Amino acid sequence: PVWQPSEYRYRSWIGIPLVTRDRVLGCLSIGGFAPNRFDAGALQLARTFADQVVIAVENADLFTSEQRRRLHAEQLQQASYRMVTSQDLDSALLAMLEGLSHSVAFDRAHLAMIDHAMGTWTFRTTYPDSSPVPLNHAFPLTAFPLAARVIADQSPLRVPDTDADPGWMPER
């Protein structure tokens, strides 16, 4: 059954925001069927309880974040180990992309090396390896303006919607 607010005819109510630093996490809602059910003491106790809820939520968030950081560090260490023990550069690059796939959800990733003198980049590996992108073929950077910008600026770039970005790949 779907909850209907009208099913609960509260005559008295306490609402306490669950606030941490400068953001509201939620709200503690306490209802009473009789009017004047809650006095100032009840309000103070509810505030104290709400403060404890905030601490519990923050601790849970910290614990989860620490677990995630530890897992990512372990995955990076494993990927680094596979990379340094690889027989050749392409195997090392593939190991790094595979390791990345455990930390960042993606459909496909490529690693390409830049030839600044020629203004090209050459895809060395892709993960998963079912990509139609030809490996070891030099492409002009001008065919990939956003990649060229990332390289020129030496700065990361996030594109939320490639269809809405005219600079994505004009030579499709």
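The shown structure was predicted, so the numbers you read here are calculated from the model rather than taken from an experiment. (Residues numbered from 1 in each chain as written. Predicted model: local features only at pLDDT ≥ 70, side-chain atom pairs only at ≥ 80, totals over all residues. Heavy atoms only, no water.)

Focus on the packing of aromatic side chains
Two measures describe an aromatic ring pair: the distance that separates the ring centres and the angle between the ring planes.
Here's step 1: Enumeration according to the criterion identifies six aromatic pairs in this entry.
Here's step 2: Aromatic side chains Phe123 and Phe144 sit 6.3 Å apart centroid to centroid with 75° between the ring planes, which places their arrangement in the edge-to-face category. Placement of the pair is Phe123 in strand β4 (residues 120-127) and Phe144 in the loop between β5 (138-140) and α3 (145-153), with a sequence separation of 21 residues.
Here's step 3: The class of Phe144 is buried, set by a relative accessible area of 15%.
Here's step 4: Here a set of aromatic residues connected by ring pairs shows up, and it is made of Trp121, Phe123, Phe139 and Phe144. (Phe/Tyr/Trp six-rings, centres within 6.5 Å; stacked < 30°, edge-to-face > 60°. Helix = DSSP H or I, 4+ residues; strand = E, 2+ residues; numbered from the N terminus. Buried < 20%, exposed > 50% of the residue type's maximum accessible area, 1.4 Å probe, protein only.)

As for the pattern of salt bridges
Here's step 1: Counted under the stated rule, the structure contains three salt bridges.
Here's step 2: Salt-bridge contacts for Glu58 lead to Arg21; the nearest nitrogen and oxygen are separated by 3.3 Å. Of this pair, Glu58 sits in helix α1 (residues 40-84) while Arg21 sits in the loop between β1 (12-20) and β2 (23-32), placing them 37 residues apart in sequence.
Here's step 3: Overall, the relative accessible area of 21% leaves Glu58 in the partly exposed class.
Here's step 4: Under the relative-accessibility criterion, Arg21 is labelled exposed at 72%.
Here's step 5: Taking the shortest distance from any N to any O, the salt bridge between Glu74 and Arg70 comes out at 2.8 Å. Remark: Arg70 and Glu74 occur in helix α1; sequence separation between them is four residues, near one turn of the helix.
Here's step 6: Relative accessible area serves as the criterion here: at 34%, Glu74 is assigned to the partly exposed category. (Salt bridge = Lys/Arg side-chain N within 4 Å of Asp/Glu carboxyl O.)

Overview of helix α2 (residues 89-101)
Note on helix geometry: an α-helix contains 3.6 residues per turn, so any two residues three or four positions apart are oriented the same way.
Here's step 1: In this model α2 runs 19 Å from its N-terminal to its C-terminal C-alpha over 13 residues, within 8% of the 18 Å that 1.5 Å per residue would give.
Here's step 2: Three or more residues of α2 are buried, namely Ala92, Leu93, Ala95, Leu97 and Gly99. (Expected span 1.5 Å × (residues − 1).)

Notes on the pairing of β1
Here's step 1: Side chains Ser12, Ile14, Ile16, Leu18 and Thr20 of β1 all project onto a buried face; the interleaved residues Trp13, Gly15, Pro17 and Val19 project onto a face where none is buried.
Here's step 2: Pairing between β1 and β2: nine bridges, direction antiparallel. Across the sheet, the residue bridging to Val19 is Val24, located in β2.
Here's step 3: Between β1 and β2, which follow one another and run antiparallel, lie two residues, and Arg21 among them has a positive phi close to 50°. (Pairing = 2+ DSSP bridges.)

Notes on the nonpolar core
Here's step 1: Residues Ala112, Trp121, Phe123, Phe139, Leu141, Ala143, Phe144 and Ala147 constitute the largest nonpolar core, which totals eight residues.
Here's step 2: Formed by seven residues, the second largest nonpolar core is a distinct cluster that contains Ile14, Ile16, Leu18 and Leu28. (Core = buried A, V, L, I, M, F, W, Y, C linked by side-chain atoms within 4.5 Å.)

Focus on the sheet that holds β5
In any sheet, the strands associate via hydrogen bonds between backbone groups, in a parallel or an antiparallel arrangement.
Here's step 1: Sheet architecture is open: three strands sit in the order β3-β4-β5, paired in antiparallel fashion. Every interior strand has two partners, whereas the edge strands, β3 (109-115) and β5, have only one. Here the strands of the sheet are splayed against their neighbours by 40° on average, with no regard to which way each runs.
Here's step 2: With seven bridges connecting them, β3 and β4 associate as antiparallel partners. Residue pairing across strands places Asp115 opposite Thr120, the latter belonging to β4. (Axes fitted to C-alpha atoms, helices over the stretch in contact; angles between N-to-C directions.)

Some thoughts on the side chain of Thr125
Here's step 1: Relative to the elements of secondary structure, Thr125 occurs in strand β4.
Here's step 2: Here Thr125 falls in the buried class, since its relative accessible area comes to 6%.
Here's step 3: With near-sequence residues (within four places) excluded, Thr125 lies in contact with Asp90, Leu93, Leu94, Leu97, Ala109, His110, Leu111 and Leu135. (Contact = heavy atoms within 4.5 Å.)

Overview of the pairing of β4
Here's step 1: Among the eight residues that make up β4, six are buried, leaving the element largely enclosed by the rest of the structure.
Here's step 2: As paired strands, β4 and β5 are joined by three bridges and run antiparallel to one another. Considered in β5, the bridge of Thr120 is made with Pro140.

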